[in-house]
Amino acid sequence: MKVKALVVAVLMCCSTLAMADKVRVLGVQEALLSSQAANDFRAQLEREFASEETALTDLERQAVEARDRVQQNQGLVSDEELQQLVMQFEKAYMEFQNRAEQMNQRRLEREEEFLTQMRPKLDQAIRTLIESEDIQVVVAKQATVYTSSAVDLTPRVIELLNQQ
């Protein structure tokens, strides 16, 4: 009976080791964000939104200056003049907030477009590696406690993405 249990344990260990050879980990987000396409996209976004960011910086400066004027003139000017300064500050601040929100929304939309465009390329790179290496299981890198770099597909997926 003990021999049977020992044989079963040895077989389980051997099958686990054989299976481990077909298991890989992949950092999907890391692969996408480390690709040359992602680097090019980030540079393009910076160029695309540069003038808007400059305008936002100017609006922020105007709002800060208006706030400072309110604080400096409090108690020195009439209530009507103070109210006018407060309104100028609120207007500048609201304009800044609205424009920043619009820009962030457009940036998020562009990022979503990029990810949608890259998804088929990522899937193809992963599929290529799965087929070429006869991989049976791909685990999200974030779900692992420890993994050897030998089983990490991420660098090879990045390589394949850069070749596409």
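Look up: the structure comes first, before these words.
How each quantity is defined
Residues numbered from 1 in each chain as written. Predicted model: local features only at pLDDT ≥ 70, side-chain atom pairs only at ≥ 80, totals over all residues. Heavy atoms only, no water. Helix = DSSP H or I, 4+ residues; strand = E, 2+ residues; numbered from the N terminus. Buried < 20%, exposed > 50% of the residue type's maximum accessible area, 1.4 Å probe, protein only. Salt bridge = Lys/Arg side-chain N within 4 Å of Asp/Glu carboxyl O.

Draft legend 1. Here's a closer look at unusual backbone geometry. Even without glycine at this site, D134 takes up a positive phi of about 50 degrees. Note that D134 resides in the loop between α4 (79–133) and β2 (137–140). Taking the relative accessible area as the measure of exposure, D134 reaches 42% and is therefore partly exposed.

Draft legend 2. The arrangement of the pattern of salt bridges in detail. On inspection of all chains with the given rule, the structure shows 14 salt bridges. With a closest N to O distance of 3.0 Å, E48 and R110 form a salt bridge. Of the two residues, E48 is situated in helix α3 (residues 36–73) and R110 in helix α4; the sequence distance between them amounts to 62 residues. By relative accessible area, E48 is classed as partly exposed at 34%. What makes R110 buried here is its relative accessible area of 19%. A salt bridge links R106 to E52; its shortest N-O distance comes to 2.0 Å. Note that R106 is positioned in helix α4 and E52 in helix α3, a separation of 54 residues in sequence.

Interpretation in functional terms is not warranted from these geometric data alone.
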